[in-house]
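Fold and contact review
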Amino acid sequence: MKKLLLASVFAVVGALNVHAADFGGAYVGGELGYSKADDVKGFDGGITAGYGVEMGKWYIGGELGGGLSKADGNDVEKKYYYSGAARLGYKATDKVLAYGVLGLEGAKFDNGPSSARDWGYKYGVGVETFVKDNVTVRGQVDYIDWQGEKGLPGDGEWRTSLGVAYHF
């Protein structure tokens, strides 16, 4: 599933024909995704806001985000999540940015009759491209390494997402 999503994003990115754009500055956006951790799986969606700076072909920025989740299974339901992350990228072309993500993520889980919050390290990779003057689309794959014992079972959670953002 993850390989198919990334291949689809790269195919769309390669087919687009737009002018050069600047990834630097502030942006806001939304995303839809699918999460899986052992038998706990489901769709989620949220919003993002960030700021970045271009330095030649390199990009560095920060991003905050959060959203609602419908991932459930094994008597565990993930209700919502929130994160803060750094993004480091490289402009493959004037309109395409390949990047890595490193940050922290928190979430609220319902475990049967009780609920708890947990946190984990967030690692990810993605690609983003301009489709209009100030509008980008992106695909991203993240791994969240949950640290507590109150969240998802297993070693961690995989999330694939597609998003759109408006750059100011």
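Numbering of residues starts from 1 in every chain and runs along the sequence as written. It should be noted that, the model being predicted, local features are given only for residues of pLDDT at least 70 and side-chain atom pairs only at 80 or more, the latter also being counted only at that level, while totals for whole chains, interfaces and linings use all residues. Computation of side-chain values covers all heavy atoms of the structure but excludes hydrogens and water.

Our next topic: the overall build of the chain. Note on conventions: DSSP H or I runs of at least 4 residues are helices, E runs of at least 2 residues are strands, and numbering of each starts at the N terminus. Helix and strand counts for the chain stand at 1 helix and 9 strands. Reading the secondary structure of the chain in the N-to-C direction produces α-β-β-β-β-β-β-β-β-β. Here the chain, with 168 residues, has 44% of them falling under the buried criterion. The contact definition used throughout considers only heavy atoms, calling two residues in contact when any of these lie within 4.5 Å. Restricting to contacts in the chain with at least 6 residues of sequence separation, those with at least 24 account for 58%. By element, 63% of the accessible surface of the chain is carried by carbon and sulfur atoms, the whole surface being about 8,600 Å². Exposure categories follow from relative accessible area, calculated using a 1.4 Å probe and restricted to protein chains: below 20% of the type maximum is buried, above 50% is exposed, and the middle band is partly exposed. Per-residue and other accessible areas were derived by the Shrake-Rupley procedure at a 1.4 Å probe size, with only the shown protein chains allowed to occlude residues.

With that settled, the discussion passes to the pairing of strand S7 (residues 114-130). One ladder, built from 16 bridges, connects strand S6 (residues 96-111) with S7; its direction is antiparallel. By the bridge assignment, Gly106 is partnered in S7 with Trp119. Each pair of strands is called paired provided DSSP finds at least two bridges between the two strands. Connecting S7 to the next strand, strand S8 (residues 135-146), in antiparallel fashion are 4 residues.

Overall, the prediction assigns the chain a mean pLDDT of 86, with 84% of residues at 70 or greater. When the criterion is pLDDT under 50, residues 4-9 qualifies, and its contacts beyond four places in sequence or with other chains add up to 8 contacts. Low confidence marks residues 11-19, where pLDDT is under 50. Its contacts with residues over four positions away, or in another chain, come to 12 contacts. The predictor attaches a confidence to each residue, called pLDDT, with possible values from 0 through 100.

Now for the nonpolar core. As used here, the term nonpolar core means buried Ala, Val, Leu, Ile, Met, Phe, Trp, Tyr and Cys residues forming a set that is joined through side-chain atoms within 4.5 Å. Among the nonpolar cores identified, the biggest contains 10 residues, and these are Ala21, Phe23, Tyr27, Tyr59, Ala85, Leu97, Tyr99, Val101, Phe130 and Ala165. Per-element tally for this core: the top contributor is S6, with 3 residues. Excluding residues within four positions of it along the chain, Ala165 makes contact with Tyr27, Val28, Gly29, Glu128, Asn134, Val135 and Thr136. Counting residues in hydrophobic clusters, the runner-up holds 8 residues, among them Val40, Ala71, Val76 and Phe109.

The next subject is the pattern of salt bridges. In the sections that follow, a salt bridge refers to a side-chain nitrogen of Lys or Arg positioned within 4 Å of a carboxyl oxygen of Asp or Glu. Under the counting rule described, the total for this entry stands at 12 salt bridges. For Glu157, the salt bridge identified is with Lys78, shortest N-O distance 2.9 Å. Taken as a pair, Glu157 in strand S9 (residues 157-167) and Lys78 in strand S5 (residues 76-91) lie far apart in primary sequence, 79 residues in all. Take Glu157 and Lys78: they sit in the same class, and that class is buried. Each of Asp44, Lys78, Glu105, Lys122, Glu157 and Arg159 takes part in a single network of salt bridges with overlapping partners.

As a further point, take the environment of Ile60. The residue Ile60 is located in strand S3 (residues 58-69) in this model. Each C-alpha atom, one on Ile60 and one on Arg87, is 5.7 Å from the other, the two residues being 27 residues apart in sequence. Leaving out residues up to four positions away in the same chain, Ile60 has contacts with Gly52, Val53, Met55, Arg87 and Leu88.

A separate point is the pairing of S6. Of the pairings in the sheet, the one linking S5 to S6 comprises 14 bridges and is antiparallel in character. By the bridge assignment, Leu88 is partnered in S6 with Gly100. Remark: 4 residues form the turn of the hairpin made by S5 and S6, two consecutive strands paired antiparallel. As consecutive antiparallel partners, S6 and S7 are separated by 2 residues, and within that stretch Gly112 has a phi angle of approximately 75 degrees, a positive value.

The next subject is the packing of aromatic side chains. Under the pairing criterion, centres of Phe, Tyr and Trp rings, with the six-membered ring standing for Trp, must be within 6.5 Å; the plane angle then separates stacked pairs below 30 degrees from edge-to-face pairs above 60, leaving the rest tilted. Applying the stated criterion across every chain, the model contains 8 aromatic pairs. Taken together, a centroid distance of 4.8 Å and an interplanar angle of 55 degrees make the contact between Phe23 and Phe130 tilted. Here the residue Phe23 occupies a position in the loop between helix H1 (2-15) and strand S1 (25-37), and Phe130 occupies one in strand S7, the gap between them amounting to 107 residues. The pair Phe23 / Phe130 is uniform in exposure class, with both members buried. A centroid spacing of 5.1 Å and a plane angle of 70 degrees characterise the contact between Tyr34 and Phe43, whose relative ring orientation is edge-to-face. By relative accessible area, Phe43 is classed as exposed at 59%. It is Arg87 that lies over the ring of Tyr99; its NZ or CZ is 4.4 Å from the centre. The positively charged end of Arg159 is found above the aromatic ring belonging to Tyr81, 4.5 Å away from the centroid. Placement of a charge over a ring requires the Lys NZ or Arg CZ to be within 6 Å of the ring centre, with the centre-to-atom vector within 35 degrees of the ring normal.

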